[in-house]
Amino acid sequence: MTLKSEILDLSRQNNIGDLTPWFDAQLNARIDSGAFAQEDTLRADMARILADLTAYREQNGIGAAVIGMSGGVDSALTAALFKAAGWRVVGHTMPIEQNPEETERGQEACIALGIEHQNIDLTPQFHSMVEGLTKLDPALSNGDEAGLRIRRGNMRARLRMITLYDQAHRYGGVVASTDNFSELAAGFWTLNGDVGDVAPIQSLLKSWEVPWMAREIGVPEKTWRATPTDGLGISAGDEAQLGVSYLQWDLMVLAMADALAANPNLSREELPQAMGFGEDAEGTRVLDCVAGRLGRTWYKRAGTFNLAHPREGRYDALAGIDRALFMPNLLK
C-alpha cells in the first residue's frame with residue numbers, strides 16, 4: 001500500500017468521499033515535502049516523544065499519570081505513550097449520559113494497553129450542576145441551541161477535569177493531556193477543562209500521525225478506526241461539527257500557514273486566490289469553515305493575557321528563580 005493510500009485509509013477519508021482536485025494536489029505535495037511523513041520518520045518522532053516523556057518523569061521525580069479514557073484514539077494513544085515511557089498510568093472512564101460504546105472502548109483500551117482502570121459515572125453530578133445553574137438561566141437545562149449545548153459540554157469537561165486533578169493528587173502524579181494539533185487549531189478543548197499537564201501528542205495531525213502512531217504502539221483497531229466525537233454531547237461527531245473531514249482540515253490549515261508565511265499581509269479575502277483554488281469550489285467552502293472556526297477560537301490558543309503593568313518585570317524575576325533552582329532541564 002502506498003503512503004497516500006495509507007493516509008486515505010487511516011484518516012477515514014475513504015469512508016467520507018474522494019478528495020476534490022485541489023485537496024488531492026495538496027496531499028500529493030505534502031507527501032512529497034515530508035509534511036505528511038513516511039513511516040520511518042514517524043517511528044523516529046515517536047521515539048523522541050517517548051524519550052521526552054521518560055526524561056520528564058525522571059527529572060521531575062513523578063511516576064504516575066492519570067488520564068481520561070474517552071474511548072477515542074487520542075486518549076488511548078496518549079495512555080500508551082506514557083506506559084511505554086515507564087509511567088504508572090491510571091485510566092479513568094467518566095461517562096456523563098455517554099454512549100455506552102464509547103465507555104466500553106475506553107475500558108477495552110485500558111485492558112489492551114495493560115494500564116489500571118477506574119470508572120466513575122459523573123451523570124448525577126452533572127445533573128446537579130445543571131439544575132443549580134438553571135436558577136441563573138432557566139434555558140440551560142433543556143435548551144437545544146448550539147450555545148446551550150456548548151455550555152453544557154464545557155460543564156462536562158470541567159467536571160471530568162476536577163475528577164482527574166483530584167486523582168492526580170491522590171497518586172502524586174500529573175494529568176495527561178490528550179489534545180492533538182488539529183484539535184488545538186479547531187478549539188476542540190475547554191478552557192480550564194480538558195487540558196492537562198503534559199501533552200505528548202499536541203503537535204500531531206489527527207488525520208494521519210495520530211492514527212498511525214496508535215496502530216504502531218498497539219491501540220486496539222476498533223479505537224483508532226472509531227468516528228471521532230467530542231464526548232460532550234455537542235454534536236454527532238467532530239467532523240459533523242467542523243463541516244469538513246479531518247484530512248481536509250489539516251490540509252487547509254497547513255496551506256493557510258504557508259500562504260501567510262509567503263505573504264503576511266494577505267487579507268482573508270485574498271486567501272482563495274493566493275492558495276490557488278481555481279475552479280475547485282470545495283476549497284472555498286472548506287476555507288470558510290476553517291477560517292471561521294480559527295477566528296472563533298484564537299483566544300483559547302493565546303492563553304491567559306497579563307495586562308502590561310508597571311511591575312511586570314517581576315514575572316521575569318520569578319521565572320529566573322524557577323529556571324535557576326527548580327525547573328528540570330527538559331523544560332529549560
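Everything quoted here is computed from the prediction, not taken from an experiment.

## Here's the deal with the overall build of the chain
Phase 1 of the analysis: Within the chain, the secondary structure is distributed over 16 helices and four strands.
Phase 2 of the analysis: For a compact globule of 332 residues, the expected C-alpha radius of gyration is about 20 Å, and the chain comes in at 21 Å, within 12% of that figure.
Phase 3 of the analysis: Seen through its principal axes, the chain has C-alpha atoms that stretch 55 × 55 × 50 Å.
Phase 4 of the analysis: Expressed as a percentage of the 332 residues in the chain, the buried residues total 47%.
Phase 5 of the analysis: Within the chain, residue pairs in contact and separated by at least 24 positions form 72% of the contacts whose partners lie at least 6 positions apart.
Phase 6 of the analysis: Entry remark: accessible area of the chain is about 16,500 Å², with carbon and sulfur atoms responsible for 52%.
Phase 7 of the analysis: Separation between the mean location of the 31 positive side-chain charges and that of the 44 negative ones in the chain comes to 6 Å.

## Focus on the packing of helix H4 (residues 39-60) against helix H5 (residues 73-84)
Phase 1 of the analysis: For the pair H4 and H5, interaxial distance at closest approach is 8 Å and the crossing angle is 65°. Considering only the axes of H4 and H5, their crossing is right-handed. Where H4 abuts H5, its residues Met46, Ile49, Leu50 and Leu53 lie against Leu81, Phe82 and Ala84.
Phase 2 of the analysis: Partitioned by chemical class, the residues of the contact of H4 with H5 number seven nonpolar, no polar and no charged.

## Some thoughts on the layout of surface pockets
Phase 1 of the analysis: Roughly 280 Å³ of volume is contained in the second largest pocket.
Phase 2 of the analysis: Lining the second largest pocket are 13 residues, with Asp52, Leu53, Val198, Ala199 and Pro200 sitting closest to its centre.
Phase 3 of the analysis: Here the residues of the lining of the second largest pocket sort into eight nonpolar, two polar and three charged.

## Describing the domain arrangement of the chain
Frequently, the measure chosen for interface size is the accessible area that the parts lose on association.
Phase 1 of the analysis: Per the domain assignment, the segments of the chain are domain 1 (3-36 + 239-302) and domain 2 (39-235).
Phase 2 of the analysis: Each partner contributes to the interface: domain 1 provides 24 residues, whereas domain 2 provides 27 residues.
Phase 3 of the analysis: Taking both partners together, domain 1 and domain 2 bury about 2,300 Å²; carbon and sulfur atoms supply 61% of that area.
Phase 4 of the analysis: Considering only the surface of domain 1 that becomes buried against domain 2, Leu10, Tyr246 and Lys300 emerge as the three largest contributors, covering 32% of it.

## A few points about the packing of aromatic side chains
Phase 1 of the analysis: Evaluation of the coordinates by the stated rule reveals four aromatic pairs.
Phase 2 of the analysis: For the pair Trp22 and Phe23, a centre-to-centre distance of 4.9 Å together with 90° between the ring planes defines the contact as edge-to-face.
Phase 3 of the analysis: Under the relative-accessibility criterion, Trp22 is labelled buried at 6%.
Phase 4 of the analysis: Ring centres 5.0 Å apart and planes at 80° place the aromatic pair Phe82 and Trp87 in the edge-to-face group.
Phase 5 of the analysis: Taken together, the aromatic side chains of Trp22, Phe23 and Phe277 make up a single cluster linked through ring pairs.

## So, unusual backbone geometry
Phase 1 of the analysis: With phi around 70°, Arg12 is a residue other than glycine that occupies positive phi space.
Phase 2 of the analysis: On the secondary structure map, Arg12 appears in the loop between helix H1 (3-10) and helix H2 (13-16).
Phase 3 of the analysis: Arg12 sits in the buried class, given a relative accessible area of 12%.
Phase 4 of the analysis: For Glu97, which is not a glycine, the phi torsion comes out positive at approximately 50°.
Phase 5 of the analysis: Within the element layout of this structure, Glu97 appears in the loop between strand E2 (88-93) and helix H6 (100-113).
Phase 6 of the analysis: Judged by its relative accessible area of 46%, Glu97 falls in the partly exposed class.

## Things to note about the pairing of strand E1 (residues 64-68)
Phase 1 of the analysis: Burial analysis of E1 places five of its five residues in the buried class, which makes it a mostly covered element.
Phase 2 of the analysis: Both faces of E1 are covered, namely the face carrying Ala64, Val66 and Gly68 and the face carrying Ala65 and Ile67.
Phase 3 of the analysis: Pairing of E1 with E2 involves five bridges; the strand directions are parallel. When the bridges of E2 are listed, Ala65 appears paired with Val89.
Phase 4 of the analysis: The parallel pair E1 and E2, bridged by H5, forms a crossover whose chirality is right-handed.

## Observations concerning the side chain of Thr123
Phase 1 of the analysis: On the secondary structure map, Thr123 appears in helix H7 (residues 123-133).
Phase 2 of the analysis: Not counting residues up to four positions away in its chain, the partners in contact with Thr123 are Pro95, Ile96 and Glu97.

## Here's the deal with the sheet that holds E1
Each strand in a sheet pairs with its neighbour through backbone hydrogen bonds, running either in the same direction (parallel) or in the opposite one (antiparallel).
Phase 1 of the analysis: With parallel pairing, the four strands of this open sheet are ordered in space as E3-E2-E1-E4. Among the strands making up the open sheet, the edge pair consists of strand E3 (116-119) and strand E4 (174-175).
Phase 2 of the analysis: Lying over the sheet, H6 contacts E2 and E3, oriented at roughly 155° with respect to E3.
Phase 3 of the analysis: Sheet strands in contact with helix H8 (residues 146-171) are E1, E2, E3 and E4, and its direction is about 165° off that of E1.

## As for helix H3 (residues 21-33)
Phase 1 of the analysis: For H3, spanning 13 residues, the distance from its first C-alpha to its last is 18 Å, which sits close to the expected 18 Å at 1.5 Å a residue.
Phase 2 of the analysis: Within H3, burial applies to Trp22, Phe23, Gln26, Leu27, Arg30 and Ile31.
Phase 3 of the analysis: The inward-facing, buried residues of H3 abut H1, helix H13 (246-262), helix H14 (271-275) and helix H15 (281-302).
Phase 4 of the analysis: Where H3 terminates, the next one or two residues include Gly34, which has phi positive at roughly 90°.

Cut-offs and rules
- Residues numbered from 1 in each chain as written.
- Predicted model: local features only at pLDDT ≥ 70, side-chain atom pairs only at ≥ 80, totals over all residues.
- Heavy atoms only, no water.
- Helix = DSSP H or I, 4+ residues; strand = E, 2+ residues; numbered from the N terminus.
- Rg over C-alpha atoms; globule rule 2.2 N^0.38 Å.
- Buried < 20%, exposed > 50% of the residue type's maximum accessible area, 1.4 Å probe, protein only.
- Contact = heavy atoms within 4.5 Å.
- Areas by Shrake-Rupley, 256 points an atom, 1.4 Å probe, with all protein chains shown as cover.
- Lys, Arg positive; Asp, Glu negative; His and termini not counted.
- Charge placed at Lys NZ, Arg CZ, Asp CG, Glu CD.
- Axes fitted to C-alpha atoms, helices over the stretch in contact; angles between N-to-C directions.
- Left-handed = near helix turned anticlockwise from the far one by under 90°.
- Nonpolar A, V, L, I, M, F, W, Y, C, P; charged D, E, K, R; others polar.
- 1 Å grid on protein atoms, 1.4 Å probe; cavity = no way out; pocket = protein on both sides within 12 Å on 5 of 7 lines; lining within 4 Å.
- Points joined across faces, edges and corners; volume = space filled by probe spheres on them.
- Domains from an automatic or database assignment.
- Buried area = accessible area lost by both parts, 1.4 Å probe.
- Phe/Tyr/Trp six-rings, centres within 6.5 Å; stacked < 30°, edge-to-face > 60°.
- Pairing = 2+ DSSP bridges.
- Right-handed = clockwise from strand over helix to strand, strands pointing away.
- Expected span 1.5 Å × (residues − 1).

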